[in-house]
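Listed below, chain by chain, are the residues.
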Amino acid sequence: MQSLFRLPGPTPLPPPVLAAMQRPMIPHRGIEFRSFYRDLLDRLRRIHRTDGDVLLWPGSGSAGWEIAIANLINQGEPVLIGVCGDFGDRFARVATLLGANVRRLDVPWGRAITPEMLRDGLEQHPDVVAVLLTHNETSTGVTNPLKELASVVRSHGALVIVDAVSSAAGLPLEVDEWGLDFVLSGSQKAWMCPPGVVIIAVGERFWAAQGRCTNSKYFWSLADARDAALNGSTPTTPPLSTLYALDAAARMIESESLEEVWQRHQDVGSRTRDGLENMGLELFADQAYASNTVTAFYPPSRGSAKPIVDAVYQEHGVTIAGGQGHLADAILRIGHMGWVNLEDIDACLEALALTLSKRSNCSSM
């Protein structure tokens with residue numbers, strides 16, 4: 001494989017996905033599309049481990065935040081949002097912009113939201129109708145213990161809304177077993193596809209609650225999308241080429257088996273963390289909750305990240321990322337989700353080691 005593109009998204013595209021995107025257009029209201037779309041949604045249900053609805057829109061994963069709020073939260077209704085990184089913060093900003101009464105559960109970046117923290121937050125805000133959680137915080141390399149967090153929320157009686165953008169199709173995610181009511185992700189991460197499709201899994205409790213939502217919406221209407229999907233269709237023009245790609249990726253995941261995909265991500269995550277520590281680099285995230293799709297770490301001596309990002313690319317053609325938000329120049333991140341194996345990680349770590357060694361030698365001269 002030997003991919004040198006190690007961003008936390010977008011991720012490398014495997015050959016079957018690239019080939020699928022070359023398929024010709026078909027009538028998106030015709031018999032062929034209806035059969036294709038129903039089959040694709042069935043595959044996505046299996047990968048989400050749900051018997052409920054999975055629905056698709058053109059857009060990035062970020063659109064999922066707006067879809068959740070627009071279809072569930074009336075103006076002024078209280079929600080609790082767990083914030084342990086940049087994407088949790090963005091989720092909170094979107095909810096505020098759309099008129100929700102946002103209560104934040106802020107946790108230091110690099111730490112996870114624990115069930116005890118969430119329980120305390122719900123005791124302080126017992127009136128919330130939903131809790132919005134980031135499963136895997138891409139900006140920090142932390143995987144929150146979603147199964148346990150969802151149990152706390154359900155015991156409280158609120159809905160569980162999950163940003164799974166950098167976890168779905170890469171990390172264990174059991175929509176039905178864990179009682180998740182709304183799960184959003186984007187095609188450009190572990191789904192191994194180009195950006196362009198937002199993927200939503202919806203449970204029955206969400207459907208019951210969204211019936212009382214009075215927000216006006218057209219493009220993001222879940223009810224319209226479900227009605228259309230029952231007929232093998234979409235309310236608006238679907239992004240055919242990206243759906244072809246998603247279908248090819250879903251077939252690859254099922255061919256490998258979901259459990260093997262999860263194990264492969266665990267293996268590459270461990271390899272990445274071990275390799276960085278063997279270089280003497282300090283990992284950023286609490287290792288009890290370390291992500292198996294993205295690893296964040298400090299530059300040597302906690303210096304500037306950007307020169308290292310530039311040097312690794314210029315000297316070895318390897319693309320890694322800096323941080324986000326207030327950590328933009330403070331940490332480095334290596335993405336290892338989707339189409340990735342141990343050889344890819346070894347190549348990335350070797351390039352990083354050579355770059356850091358050269359910089360160290362130059363600074364000591």
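Below: a short report on this structure.

Reading guide: rules and limits
- Residues numbered from 1 in each chain as written.
- Predicted model: local features only at pLDDT ≥ 70, side-chain atom pairs only at ≥ 80, totals over all residues.
- Heavy atoms only, no water.
- Helix = DSSP H or I, 4+ residues; strand = E, 2+ residues; numbered from the N terminus.
- Buried < 20%, exposed > 50% of the residue type's maximum accessible area, 1.4 Å probe, protein only.
- Contact = heavy atoms within 4.5 Å.
- Areas by Shrake-Rupley, 256 points an atom, 1.4 Å probe, with all protein chains shown as cover.
- Lys, Arg positive; Asp, Glu negative; His and termini not counted.
- Charge placed at Lys NZ, Arg CZ, Asp CG, Glu CD.
- Core = buried A, V, L, I, M, F, W, Y, C linked by side-chain atoms within 4.5 Å.
- Polar contact = N/O pair within 3.5 Å; in protein donor to acceptor, adjacent residues only side chain to side chain.
- Salt bridge = Lys/Arg side-chain N within 4 Å of Asp/Glu carboxyl O.

What the protein chain contains, in helices and strands, is twelve helices and twelve strands. Taken along the three principal axes of its C-alpha coordinates, the protein chain extends 70 × 55 × 30 Å. Per-residue burial for the protein chain yields a buried fraction of 59% across its 365 residues. At a minimum sequence separation of 6, the contacts of the protein chain that also span at least 24 residues come to 73%. Approximately 14200 Å² of the protein chain is accessible, and the part contributed by carbon and sulfur atoms is 51%. Put simply, the protein chain has 31 plus and 41 minus side-chain charges, and the middle of one group is 4 Å from the middle of the other.

One finds L44, L56, I161, L180, F182 and L222 to be the most contacted residues of the largest nonpolar core, which totals 94 residues. The dominant element in this core, judged by the number of residues it contributes, is helix α9 (residues 240-256), at nine residues. Setting aside residues up to four positions removed in sequence, I161 forms contacts with A68, L72, F91, A130, V131, L132, L133, F182 and F206.

So, about the side chain of S291. Assignment of secondary structure puts S291 in the loop between α10 (258-278) and β10 (294-297). A distance of 2.8 Å separates a polar atom in the side chain of S291 from a polar atom in the side chain of N136.

What follows covers the pattern of salt bridges. Taken as a whole and judged by the stated rule, the model has 22 salt bridges. With its nearest N and O atoms 2.9 Å apart, the salt bridge here joins R212 to E77. Taken together, the residues R212 in the loop between α7 (204-210) and α8 (222-230) and E77 in the loop between α3 (63-72) and β2 (78-83) connect sequence positions 135 residues apart. The exposure class of R212 is partly exposed, given its relative accessible area of 35%. D181 is the salt-bridge partner of R154, the closest N and O atoms lying 3.5 Å from each other. Of the two residues, R154 is situated in helix α6 (residues 146-156) and D181 in the loop between β7 (159-163) and β8 (182-186); the sequence distance between them amounts to 27 residues. Among the residues examined, R154 registers a relative accessible area of 35% and is labelled partly exposed. Taken together, the salt bridges that share partners define one network made up of D39, R43, R46, D247, R251 and E254.

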